[in-house]
Amino acid sequence: MKAGTKLERILASGQFAVTAEAGPPKGASAEVIRKKGELLRHCCDAVNVTDNQTAIVRMSSLAGCLLLKQQGLEPVMQIVVRDRNRLALQSDVLGAVALGIGNILCLSGDHQKFGNHPTAKGVFDIDSIQLVQALKTMRDDKKFISGEDISGEMPVFIGAAANPFADPFEYRVHRLAKKVKAGADFIQTQAVYDVSKFAKWMEMVRERGLDKQVHILAGVIPIRSAGMARYMRDSVPGIAMPDSIVTRMEKAANAKEEGARIILEIIEQLKGMPGVHGVHIMAVGWEDIVPDIVQKSGLMPRPVV
Amino acid sequence: MKNLKPRLVVFSCPWCCFQMADLSGATQLDYSPQVKINIVPCSGRVEIIDLMKTFESGADGVLVLGCLEDKCHHQNGSLTAKRRVSYIKGLLKDIGLGEKRLEMFMLSPSSGPKPEEIIGNMVEQVKGLGSSPIKVKRKT
Amino acid sequence: MIITKQKSLEEIRKMLAGYGKILILGCGTCATVCFAGGEREVAILASSLRMAEKINGKKKTFFEHTVKRQCDWEFLDEIAEKVKAADVVLSLSCGVGVQAIAERFPNSRVLPGIDTCFLGLTAEPGIWSERCDACGHCLVHETGGICPIARCAKGLFNGPCGGSVAGKCEISPDVPCAWQLIIDHLAALGQLDKLEVIQPPKDWRTSHSGGPRKIVSPVREESGEK
């Protein structure tokens, strides 16, 4: 065991894992996090707390994770390299581990121009792969990036993101391999809508034997309206939304029901795909749909390890 | 207030209109004695500073005439002129002279509006704008 | 080359408030090449300002002059009298030249008439594009001759990120994804294996982050300024 977190134990046991996302508030209300935590308690193995997602300032991921921990849930702390330099990143990771937060997902972060503080300076002192490598070095060699010793143990289960749908497509598996080489233990992918394209990526992943070296959780984002489907197709970088799904949503009598149906179909296909070790449900702003989706996917009750 | 005797300066190439050389004698035009026509080898030869200096010297309006975009006698001279005119219109707005004191038209010698018509319209346009606020004392 | 862009007339006029005799000083090197502050631009700006100030009832006198470079003392020394004769110098050179004037003529006032934007090249006539971040330690040979700091919006050393679409950066369809360019170029050179290496965290000490920089030639003369 690298960190012995619940997520790690479930994945190590070969069971299909379920993680979800809880977006923190644009304020200091702990209650917002707690409410989301309660909704997700029984249907997830771990809950990601996002880090200034889309470059919009929100309560910090570290605080959100601690609140979830206090509630008895297992958090996954997301860190973007856009907002902190290597000093703060390493410092926050030490703090997270001290607070019992063992799952850490390393990300680049959307460019600050997309958020509510577009005039800010993007930090990008190190990139997400260098951060993954740093966490591995901190955990396994007990050294900071500078080479200096860390006192004591630093158990972390290191995560990274993968986007099978961004360009250049042919290079995406190489990038995954690089993250694995850097030390990633688990991967959460960007939302899957084009299942056949994802399957092609998984085939390349398996060809390189990467599914044996890292646990891949496929991302899904439930869609609740045709407008949302169109927005994701046209305005969100890195999401491949097939026109067929947009059309289904546009033609549906009840958009929310159709959206749920589509997601269940996708999850069913992901469950059966070799090399996919779990699903990561990102229903930000719509967390109450998650228990229903997990139930209907036949993934309840969650295993106890 | 309308300016009944606007001073209009025209820069024109000799290719966009057969009679351009004849028209350069200002006495040919009935409606205003204050139209000065400068024949240049190509409208693209008119530099930004040339037009700026023309306004600086007190011209109430400036008109640039050149060939149709794809028919420029010197390949893309009139296109260059068009871009410069567009840029200067922005400058004139910032300066406080207003965009409408400068216009460019691309003409064909064989079809479309005649230069006298364009010049006449420009004179009317400039009349409506009043005298240029760059008041320069000139010997009349 | 240092790529610059002229400030708006509005901003320049605001800066000139209160000054009567203005020397508009152009620069014959970088600022000329990017149409921001060369002799031609000095003339156009002077003409615009004369007209604008006249319309607003202000009495200002504008002198025009262009030197070869404003970042060399020898060219500034040649115009010392002109500088002294003016109330203020409106410098149309990059930030280096503006500061050079302030440093060389400490009793004169100087205003920046152009904004210094980046280090780049003329991609096509009239279009200038950023290429270098002046990080102080060039490693572009690791990435096929393409700088990931200057050309990637996130300065990733092990890119691309997940936001690249059809070879374009997530921040704008006008910006190529640097890592797409790097991958394509290395692939063409048969050097894609370079990307298997995980680039370590950058040592930013040689960049501006390490503090204002200076280089001293090992063969400089001991005495004298030059």
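Basis of the calculations
Residues numbered from 1 in each chain as written. Chains lettered and ligands numbered in written order. Predicted model: local features only at pLDDT ≥ 70, side-chain atom pairs only at ≥ 80, totals over all residues. Contact = placed C-beta atoms within 7 Å. Helix = DSSP H or I, 4+ residues; strand = E, 2+ residues; numbered from the N terminus. Nonpolar A, V, L, I, M, F, W, Y, C, P; charged D, E, K, R; others polar. Buried ≥ 20, exposed ≤ 12 C-beta atoms within 10 Å, placed from the backbone. Pairing = 2+ DSSP bridges. Axes fitted to C-alpha atoms, helices over the stretch in contact; angles between N-to-C directions. Parallel < 35°, antiparallel > 145°, perpendicular 65-115°, else oblique. Left-handed = near helix turned anticlockwise from the far one by under 90°. Domains from an automatic or database assignment. Core = buried A, V, L, I, M, F, W, Y, C linked by C-beta atoms within 7 Å.

Once that is clear, we can look at the interface of chain B and chain C. Chain B puts 13 residues into the contact, and the matching count from chain C is 12 residues. Mapped by element, the contributors of at least two residues to the side of chain B that touches chain C are α2 (48–56) and α3 (77–95) of chain B. Take the side of chain B that touches chain C: its biggest share by element is 6 residues, from α2(B). In the side of chain B that touches chain C, the residues fall into 9 nonpolar, 1 polar and 3 charged.

In this section: the interface of chain C and chain A. It is common to report an interface's size as the accessible area lost on association of the parts. Contacts between the two partners involve 21 residues from chain C and, on the opposite side, 26 residues from chain A. Residues belonging to the side of chain C that touches chain A are distributed by class as follows: 12 nonpolar, 7 polar and 2 charged.

What follows covers the arrangement of the chains. Summarising the chain contacts, 2 pairs of chains touch, and the pair with the most contacts is chains A and C. Left apart from each other, chain A and chain B have a closest C-alpha approach of 27 Å.

On to the pairing of strand β2 (residues 21–27) of chain C, then. All names here are of chain C. By the criterion of burial, β2 is predominantly enclosed, with 6 of the 7 residues buried. The sheet contact formed by β2 and strand β4 (residues 88–92) spans 5 bridges and is parallel. Its bridge partner being in β4, L25 is matched across the sheet by S91.

Attention now moves to unusual backbone geometry. Keep in mind that most residues, glycine aside, have a negative phi and that most peptide bonds are trans. With an omega of -5°, the peptide bond between M300(A) and P301(A) qualifies as cis. Tracing the chain through its elements places P301(A) in the segment after α11 (290–296). Residue P160(C) is reached from G159(C) by a cis peptide bond, and omega for that bond is 0°. Relative to the elements of secondary structure, P160(C) occurs in the loop between α7 (148–151) and α8 (178–189). We note that T54(A) has phi near 55°; this positive angle belongs to a residue other than glycine. One can find T54(A) in the loop between β2 (46–49) and α3 (61–70). T54(A) gets classed as partly exposed once you count the C-beta atoms within 10 Å, which come to 16. The backbone of A166(C) sits at a positive phi, close to 50°, despite the residue not being glycine. Here A166(C) lies in the loop between α7 and α8.

This next bit is on the sheet that holds strand β4 (residues 102–107) of chain B. Residue and element names in this part refer to chain B. Read from one edge to the other, the open sheet built from 4 strands follows the order β2-β1-β3-β4, with strand pairing classed as parallel. Where the open sheet ends on each side, the last strands, each with one partner, are β2 (35–39) and β4. Across the sheet, the mean angle from the axis of one strand to that of its neighbour is 20°, orientation sign disregarded. Sheet topology note: the strand β1 (residues 8–12)/β2 ladder contains 5 bridges and is parallel. Note on β2: the bridge partner recorded for F11 is N38.

With that settled, consider the packing of helix α2 (residues 30–40) of chain A against α3(A). All names here are of chain A. One way to put it is that α2 packs onto α3 with a least axis distance of 9 Å and a crossing angle of 55°. If you check the angle between α2 and α3, you find them oblique. For the crossing formed where α2 meets α3, the hand is right-handed. On α3, the residues that touch A30, I33, R34 and G37 of α2 are G64, L67 and L68.

Take the sheet that holds β2(C) next. Hydrogen bonding along the main chain pairs the strands of a sheet, whether they run parallel or antiparallel. Residue and element names in this part refer to chain C. Spatially, 4 strands are ordered β3-β2-β4-β5 in an open sheet, and the strand pairing comes out parallel. In the strand order of this sheet, the two ends are held by β3 (61–67) and β5 (109–112), each with one partner. Looking at each pair of strands side by side, their axes are set apart by 25° on average, direction ignored. Relative to β3, β2 runs parallel, the two sharing 7 bridges.

What follows deals with the domain arrangement of chain C. The assigned domain composition of chain C is domain 1 (2–118) and domain 2 (133–209). Between the C-alpha centres of domain 1 of chain C and domain 2 of chain C there is a distance of 37 Å.

This part takes up the nonpolar core. Within the largest apolar cluster, 95 residues are counted, with the highest numbers of intra-cluster contacts made by V47(A), M77(A), I104(A), C106(A), L135(A) and V220(A). Considering every element that reaches this core, the biggest residue donor is helix α5 (residues 128–141) of chain A, with 6 residues. Non-local contacts of M77(A), meaning those with residues more than four positions away in its chain, are made with V49(A), S61(A), L62(A), C65(A), A96(A), I101(A), N103(A), I104(A) and L105(A). Within the second largest apolar cluster, 74 residues are counted, among which are I95(B), M106(B), V42(C) and I114(C).

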